[in-house]
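Coordinates in review
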Amino acid sequence: MSRLPVMTSKRVLTSSSSENSQDFQPAQKKLRKDPDHVKPQAAATIIGSKRPPVAASRAPLSKSVRGAGAATVAVGPSRGVLKPSIASTAAKGANMKQTVASTGTKAGGGGGTRRPPWDLKGKVSDMEDKIHNYQGKVKSVNQENEALRCSMAQSRSKVVEMEKELERQRSQIREYEEELQAISGVRDELEKVQNELEKVSSDKSTLQKEISNLEGKYKVMETLRDSQETELQTLKMKLSVQESTLARLQMTLRATEEDVCSLKEIVAQQKDELHAGEMERRQLHNTIQELKGNIRVFCRVRPLVDGGLSKHIQLLASDNKTITLAKTEESHTGRTADTQKNYNFSFDRVFSPQASQKEVFEEISLLVQSALDGYNVCCFAYGQTGSGKTYTMEGDEFDEARGVIPRAVQQIFRAAEKLAAQGWEFTFTASFVEIYNETLRDLLYTGKASKRPEHEIRKSSNNEVSITNLTYEKVSNEDQVLGLIALANQNRSTAQTAQNDRSSRSHSVFQLDIEGVNTGRDVKCKSTLCLVDLAGSERMVKSQSQGERFKEMTAINGSLSNLGIVIAALANKESYVPYRNSKLTYLLQSCLGGNSKTLMFVNIAPEPDSFGETLNSLRFASKVNDCVIGTASANRK
């Protein structure tokens, strides 16, 4: 019985050993063929930041050799070196477990059926099978232990090599660390150099931009230089042309200067001739005025309110110097028919109701011109109240309706501007006075009425008449004179009567003193332009004046009567002329009987009820027209 199990066990061991040898041979081949497979793992472990301690790694290896068990060998791969071998061994162990399990299954037979107690032979055979299996397992385990010992020896040699390699790597790492420290210093320097390099590169880019800008500017400057050189060449050519032109012009200038000198001589000669012509003109003009009479009388007929002309006033269209008043007289006995009586008058000029202000002034413009020639000129208007004296002398604000005074002022200043081209310089002084109730009043006075000064007429040794405390205004243009006239009209005394809504209750006298100097000719002249608006004569029956108006009427009629007496004395060439009988005649003394050219307007009203006043006015004007006074002379030095 014992021989049978031994044979069985040998057969089993032989088979199991052969199987195990076949199983272990591939593992050994793998360990031999793959010795380098462990080195990269060791190198990786060495290169890591933490190096495993050598003593700790060696201790498990020695224990695994002594134990020679599968479990003991499995501890070895803690250093990470034998992981592939252990993995393959574990796989083989798993195969072996599977083999044992299958063997156990086979040995068990049915597994689920137990042998009867009496079947000892069967039980022995089962035990022998188990023994054979366990022996095969032990043999395979021993073979595995041998293989592990061989791999352990190889691993140890590799460990030694790897330790050497580790030492070499450590030394190299130290060298690298030293180099790294050196490199870190170099890195700082390199960063500084890089910063400086960046700064230099930025400076370089800036400089490159500046260089490009400068290149552009340089190109522009080159273009500008080329254009300027071209322009310079052109200017040089023009300069040469201008120099030749200048030389030619200089020659022309010399010739022109000679012509100018000759022309200056001609101009001087012509100025002399012009001055002689001006003197001759003044002389001829004065001769003409003397031939017309130093006292000239113009008659002007006011139109009716509704237009037309009264039947008692007859004007001939072909004759502008005569006027006829026709009056129908009834027979006192009644036996004879009514008779018509005509009164004929002749004057220097008679103006019809249709005559304009411009036409009237044209007749006296030559007389006004004499004032600039150095002659005293006087123009006054006479007539009954409401006959148009103020309208003739002052007019309205409109240009066409302006009267003698504003038109005379305009002509004086315009003629003075023309004479300025011949070397004449004129100064003008204006005054405006009224004679109210035989009292002198300054119409240009702007102070308080309570402080109004008194005025007196004074006569100097050279027979010049002046008024004390009178306002004399220096004027240089027409507008200033017109402003003074407007102020005088506001201050003048007027009142309403039965014959005139705005009757002048005083005589107004406007005087413009003229002084002329011609420095180049050493000639001086002085004259006075006197323009008078007399108050209107009136009858108490018609004007129905009472109280203050009656007093004014008495003063006006008295002064006009004295004017008539003076005119009559001058006409009769009496030795004594009563100028001092009234303020009016005393003030107009130089105009009536002295060195003056005088013009009188006689204004008549066309209404039939004014026939008596019209006849008296025309008779007075005829007396003035018959007067012959001395010849006026120019006030020249």
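In this text the structure is predicted, and so the values were computed from the model without any measurement. (Residues numbered from 1 in each chain as written. Predicted model: local features only at pLDDT ≥ 70, side-chain atom pairs only at ≥ 80, totals over all residues. Heavy atoms only, no water.)

Across its full length, the protein holds 15 helices and 16 strands. In the protein, of all internal contacts separated by at least 6 residues, the share reaching a separation of at least 24 is 71%. In the form shown here, the protein has an accessible surface area of approximately 38000 Å², with 54% of it arising from carbon and sulfur atoms. (Helix = DSSP H or I, 4+ residues; strand = E, 2+ residues; numbered from the N terminus. Contact = heavy atoms within 4.5 Å. Areas by Shrake-Rupley, 256 points an atom, 1.4 Å probe, with all protein chains shown as cover.)

Another point: unusual backbone geometry. In this structure, Asn437 takes a positive phi of about 50 degrees despite not being glycine. Mapped onto the fold, Asn437 is located in the loop between β7 (424-436) and β8 (439-442). Even without being a glycine, Glu438 presents a positive backbone phi close to 60 degrees. Looking at the secondary structure, you find Glu438 in the loop between β7 and β8.

For the rest of this paragraph, the subject is helix α10 (residues 478-491). Taking 1.5 Å per residue, 14 residues should reach 20 Å; α10 reaches 20 Å between its end C-alpha atoms and fits that length. Considered for burial, the residues of α10 that qualify are Glu478, Val481, Leu484, Ile485 and Ala488. Buried residues along α10 cover an arc of 125 degrees about the axis, so they all sit on one side. Opposite the packed face of α10, turned more than 90 degrees from it, sit the exposed residues Asp479 and Gln490. Elements that come into contact with the buried residues of α10 comprise α9 (404-420), β7, β11 (473-475) and β14 (507-518). By the N-cap criterion, in which a side-chain oxygen at the helix start approaches the backbone nitrogen of a residue two or three places on, α10 is capped by Asn477, the distance to Asp479 being 3.2 Å. (Expected span 1.5 Å × (residues − 1). Buried < 20%, exposed > 50% of the residue type's maximum accessible area, 1.4 Å probe, protein only. Arc of directions from axis to C-beta. Polar contact = N/O pair within 3.5 Å; in protein donor to acceptor, adjacent residues only side chain to side chain.)

Moving on: the side chain of Ser617. Along the chain, Ser617 falls in helix α15 (residues 611-626). What Ser617 contacts, discounting residues up to four positions off in sequence, is Tyr382, Gly383, Gln384 and Val602.

Looking now at the pattern of salt bridges. Enumeration over the complete set of coordinates arrives at 13 salt bridges. The partner of Asp119 in a salt bridge is Arg115, with the nearest N and O atoms 2.9 Å apart. A residue is classified by how much of its surface remains accessible, and Asp119, at 19% relative accessible area, is buried. Arg115 sits in the partly exposed class, given a relative accessible area of 35%. Within the structure, one salt-bridge network assembled from shared partners comprises Arg115, Asp119 and Asp126. (Salt bridge = Lys/Arg side-chain N within 4 Å of Asp/Glu carboxyl O.)

Per the stated rule, a full pass over the model turns up nine aromatic pairs. Look at Phe426 and Phe428: their rings are 6.3 Å apart centre to centre, the planes differ by 20 degrees, and that puts the pair in the stacked class. Accessibility expressed as a relative area gives 5% for Phe428, which makes it buried. Among the aromatic side chains, those forming a connected cluster through ring pairs are Phe413, Trp424, Phe426 and Phe428. Sitting above the plane of the Tyr436 ring, Arg441 keeps its charged end 5.7 Å from the centroid. The ring of Tyr375 has Lys597 lying over it, and the distance from NZ or CZ to the ring centre is 4.8 Å. (Phe/Tyr/Trp six-rings, centres within 6.5 Å; stacked < 30°, edge-to-face > 60°. Lys NZ or Arg CZ within 6 Å of the ring centre and 35° of its normal.)

Close contact between α9 and α10 brings their axes to 9 Å; oriented N to C, the two are set at 155 degrees. One way to sum up the angle between α9 and α10 is to call them roughly antiparallel. When you trace α9 past α10, the crossing you get is right-handed. Each of Ile405, Pro406, Val409, Gln410 and Phe413 in α9 lies in contact with α10, whose residues at this interface are Glu478, Val481, Leu482 and Ile485. By residue class, the composition of the contact of α9 with α10 is seven nonpolar, one polar and one charged. (Axes fitted to C-alpha atoms, helices over the stretch in contact; angles between N-to-C directions. Parallel < 35°, antiparallel > 145°, perpendicular 65-115°, else oblique. Left-handed = near helix turned anticlockwise from the far one by under 90°. Nonpolar A, V, L, I, M, F, W, Y, C, P; charged D, E, K, R; others polar.)

This next bit is on the pairing of β8. Because side chains alternate across β8, one face comprises the buried residues Leu440 and Asp442, and the other comprises Thr439 and Arg441, none of which is buried. Pairing between β7 and β8: four bridges, direction antiparallel. Its bridge partner being in β8, Val433 is matched across the sheet by Asp442. (Pairing = 2+ DSSP bridges.)

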